[in-house]
Structures are given as C-alpha cells and as structure tokens.
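The residues making up each chain are set out below.
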Amino acid sequence: MKKMLAVILGLMLIMLSVTGCARPDPTYVTAEDFDVEFYPMSEDGKVFAAGLTAIQIVMNTPNVEMGTGELQIFKSSNDERIARYDARMDTDYIFLNSGTNPAYAQLIIFLPEGQYFEAGESYYVTVDEKFFYVDDIKDFIGGIEKGEWEFTIGNYGYNGDINELPITYLVGDEIEIPVSVADEAALAILNYDNVSVVSAEKRALTENGTFTLECVQAGTATISIMFLDEDGMHIETLGFTVTVK
C-alpha cells in the first residue's frame, strides 16, 4: 500500500496541477452551484497515457463524506468488471483529501494492487446513488451510469506494468523508466525536481525507449514524464516520487 500511495499520489498531484481542477471557490456551495469533475474523462476523442492506475473525482466543496454502496470500473469492450469498491469497506483504496484551503474535496480511487489501465483499452465507471454525501447540499451526489464517465488509454506512456517500478533505491542505483511514444504523442520529456538526488543524460525521446536516471545521493525526488504532440503541445504527464537511501 505504501508503494501504491507514493506512485499514485505523485501521479495524481501532477494531473491535478495540469488539469486545473483546483479552483478558488468558496468553502460552502448551494445545490445550484455544486459541481463534480471526473478525471480522466475522454472528450472529443481524447486519450490518456498508459501507466494510469487511479481515477480522480473533484468537488467544489470540502464538505464531502463517504456514504454507502459501490463504485465500479469496467472495460468498455466487453463490460468486464476490473474493480469494485464498497464505500465503507474498501477504504485502503479510497483516498479523500478534504480541506478548506483550497476549498474542494479531491477523491482518488486506486486500482487494486498489481492492476493498471491497459494501453489501447477504454473503460467506464459506475457509482451508486449514495456513494458520496455532500453536507452543503444535504444530499448524495446521485448515481453515475454507464456512458457518463468514460475514458480511453492510449498506446503511449509507461511501457509495461507501472506497479513493478521500484520507488526506493540506494545511492549508485539506476532508475529505468521504459516509455512508449506512439499515436498523437510525438515526444516524451523527462523532468525531475531534485538535481542533487537524481540525474540523467537523456532527457527526451521521439520513439520507444528507456529513460535512465542515476541515484546521486540520499533524498527524495519527484520524477515526471511529459508527453507532447507534433506541434509541441502538452498532452499528458505521468509522475511519481522516489526515495534514495
């Protein structure tokens, strides 16, 4: 669970920053102003990088509680259920970040350990009517049916099972990140926030390959892979945090 948290929280925090879900709304909202955003959400054919292992739900109030019932994730191609969560029982896979600064609730739903969204596959999410309770409006958000929350995973992104990527290393170790560059992604760029902990010579890929980072000294670093289209426009970012000892 600790590994999943480190990988996915780093990933989802980067997603949050690039999608603009955090918004300076007032702490309390009325029923008319209440808003729910699901990420990822495929619109106009948009796809997302392979390597995602979580979904995100953001509401413009911090006053959200887990209710009852189930949230489920299915493959669109054959309606195969790949995950089912009980609001009361599966709290190890549901991370609720709810606070007044900023004034919104961020809910991250992890896939069960060892699972990940497959490249080239499409998925949809269903939510029971009483899964989320919002105190501001004194009501549940209502059910989400097949066809309302859908997303597609592209053939670019992390090349393999991201669950197998270690998050703890020793000084002198190498971190290898296999990447696929395909479909609308024409370029992958490697970024990291702590140059004293990790370093890399190759920072860009225009085709399938592997980014290699050297662990220089003890500390923590956030690593991200940004994907751009042929015009240099941002498509998607994958990120995670590593610890070097």
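Engineer: Break down the overall build of the protein chain for me, with residues and values.
Structural biologist: For the protein chain, the count of helices and strands is 1 helix and 20 strands. When contacts within the protein chain are restricted to residue pairs at least 6 apart in sequence, those whose partners lie at least 24 apart make up 67%. Total accessible area computed for the protein chain in this model is approximately 11500 Å², and 45% of it derives from carbon and sulfur atoms.

Engineer: Give a description of the packing of aromatic side chains that names residues and reports values.
Structural biologist: Applying the stated criterion to the full structure yields 11 aromatic pairs. Taking 4.7 Å as the distance between ring centres and 5° as the angle between the ring planes, the aromatic pair formed by phenylalanine 38 and tryptophan 149 counts as stacked. Remark: tryptophan 149 occurs in strand E12 (residues 144-158) and phenylalanine 38 occurs in strand E1 (residues 36-39); sequence separation between them is 111 residues. Taken together, the aromatic side chains of Phe38, Phe117, Tyr123, Trp149 and Phe151 make up a single cluster linked through ring pairs. Here lysine 46 stacks its cationic end above the ring of phenylalanine 48, 4.8 Å away from the centre of that ring.

Engineer: Before we move on, can you summarise the nonpolar core with the specific residues and values?
Structural biologist: Among the nonpolar cores identified, the biggest contains 64 residues, and Leu71, Ile73, Phe117 and Ile177 are the most heavily contacted of them. Sorting elements by how many residues they give to this core places E12 first, with 6 residues. Non-local contacts of phenylalanine 117, meaning those with residues more than four positions away in its chain, are made with Gly51, Leu52, Thr53, Ala54, Ile55, Ile73, Ile82, Leu111, Tyr123, Phe151 and Ile153.

Engineer: So what's going on with unusual backbone geometry? Which residues, and what values?
Structural biologist: Look at the link from tyrosine 39 to proline 40: it is a cis peptide, with omega at 5°. Checked against the element boundaries, proline 40 lands in the loop between E1 and strand E2 (48-50). Even without a glycine there, the phi angle at aspartate 44 is positive, about 55°. Along the polypeptide, aspartate 44 turns up in the loop between E1 and E2. The backbone phi angle of aspartate 183 is positive, close to 55°, even though this residue is not glycine.

Engineer: Go over the sheet that holds strand E11 (residues 139-140) with me, naming the residues and quoting the values.
Structural biologist: Strand order across the open sheet formed by 3 strands is E4-E10-E11, with antiparallel pairing between neighbours. The two strands at the open ends of the sheet, each matched to only one other strand, are strand E4 (64-66) and E11. Pairing between E4 and strand E10 (residues 132-134): 3 bridges, direction antiparallel. Within E10, the position partnered with valine 64 by the bridge is valine 134.

Engineer: Requested: an account of the environment of serine 224, with residues and values cited.
Structural biologist: By the element assignment, serine 224 lies in strand E19 (residues 219-228). Overall, serine 224 belongs to the buried group, its relative accessible area being 12%.

Engineer: Can you explain the sheet that holds strand E17 (residues 204-205)? Please cite residues and give values.
Structural biologist: Taken together, the 5 strands give an open sheet; going across it, the order is E13-E20-E19-E15-E17, and neighbouring strands pair in mixed fashion. A single partner strand is all that each edge strand has here, and the edge strands are strand E13 (168-169) and E17. Pairing between strand E15 (residues 187-192) and E19: 6 bridges, direction antiparallel. Bridged to isoleucine 189 within E19 is methionine 226.

Engineer: Go over the side chain of glutamate 236, please, and point to the residues and values.
Structural biologist: Among the structural elements, glutamate 236 can be located in strand E20 (residues 234-244). Judged by its relative accessible area of 2%, glutamate 236 is buried.

Engineer: So what's going on with the confidence of the model for the protein chain? Residues and values would help.
Structural biologist: Looking at the protein chain as a whole, its pLDDT mean stands at 86, while 87% of the residues score no less than 70. In the model of the protein chain, helix H1 (residues 2-19) stands out as the element of lowest mean pLDDT, 43, in contrast to strand E18 (residues 209-215), which has the highest, 98. When the criterion is pLDDT under 50, residues 1-26 qualifies, and its contacts beyond four places in sequence or with other chains add up to 75 contacts.

Engineer: Explain the environment of glutamine 115 residue by residue, including any values.
Structural biologist: Mapped onto the fold, glutamine 115 is located in the loop between strand E8 (103-110) and strand E9 (122-127). Among all residues touching glutamine 115, those that are not within four sequence positions of it are Thr53, Ile82 and Asn163.

Engineer: Please provide a residue-by-residue account of the pairing of strand E14 (residues 174-180), values included.
Structural biologist: Consecutive side chains of a regular strand alternate in pointing toward one face of the sheet and then the other. Two strands pair when backbone bridges link them, and E12 and E14 are joined in this way by 2 bridges, in the antiparallel orientation. Its bridge partner being in E14, tyrosine 158 is matched across the sheet by valine 179. The sheet contact formed by E14 and E18 spans 6 bridges and is antiparallel. Among the inter-strand pairings, glutamate 176 is bridged to a residue of E18, identified as threonine 212.

About the cut-offs
Per-chain numbering applies: the sequence of each chain, read as written, is numbered from 1 onward. With pLDDT at 70 or above as the cut-off, local features in this predicted model cover only qualifying residues; side-chain atom pairs require 80 or more to be listed or tallied, and sums for whole chains, interfaces and linings still use all residues. Side-chain figures throughout are based on the complete set of non-hydrogen atoms in the structure, without hydrogens or water. Helix and strand assignments follow DSSP, with helices taken as H or I runs no shorter than four residues and strands as E runs no shorter than two, numbered in order from the N terminus. It only takes one pair of heavy atoms within 4.5 Å for two residues to be counted as in contact. Reported accessibility uses the Shrake-Rupley method at a 1.4 Å probe radius. Residues are deemed covered only where the shown protein chains occlude them. Pairing of aromatic rings covers Phe, Tyr and Trp, the last through its six-membered ring, and needs centres within 6.5 Å; plane angles under 30 degrees mean stacked, over 60 mean edge-to-face, and all others mean tilted. When the NZ atom of lysine or the CZ atom of arginine is within 6 Å of a ring's centre and also within 35 degrees of its normal, the charge is said to sit over that ring. What makes a nonpolar core is a set of buried Ala, Val, Leu, Ile, Met, Phe, Trp, Tyr and Cys residues whose side-chain atoms join them at distances within 4.5 Å. Think of it in three bands: residues with accessible area under 20% of the maximum for their type are buried, residues over 50% are exposed, and the middle band is partly exposed, with areas taken using a 1.4 Å probe on protein chains only. Only strands that DSSP links by at least two bridges are regarded as paired with each other. Residue-level confidence of the predictor is what pLDDT reports, using numbers from 0 through 100.

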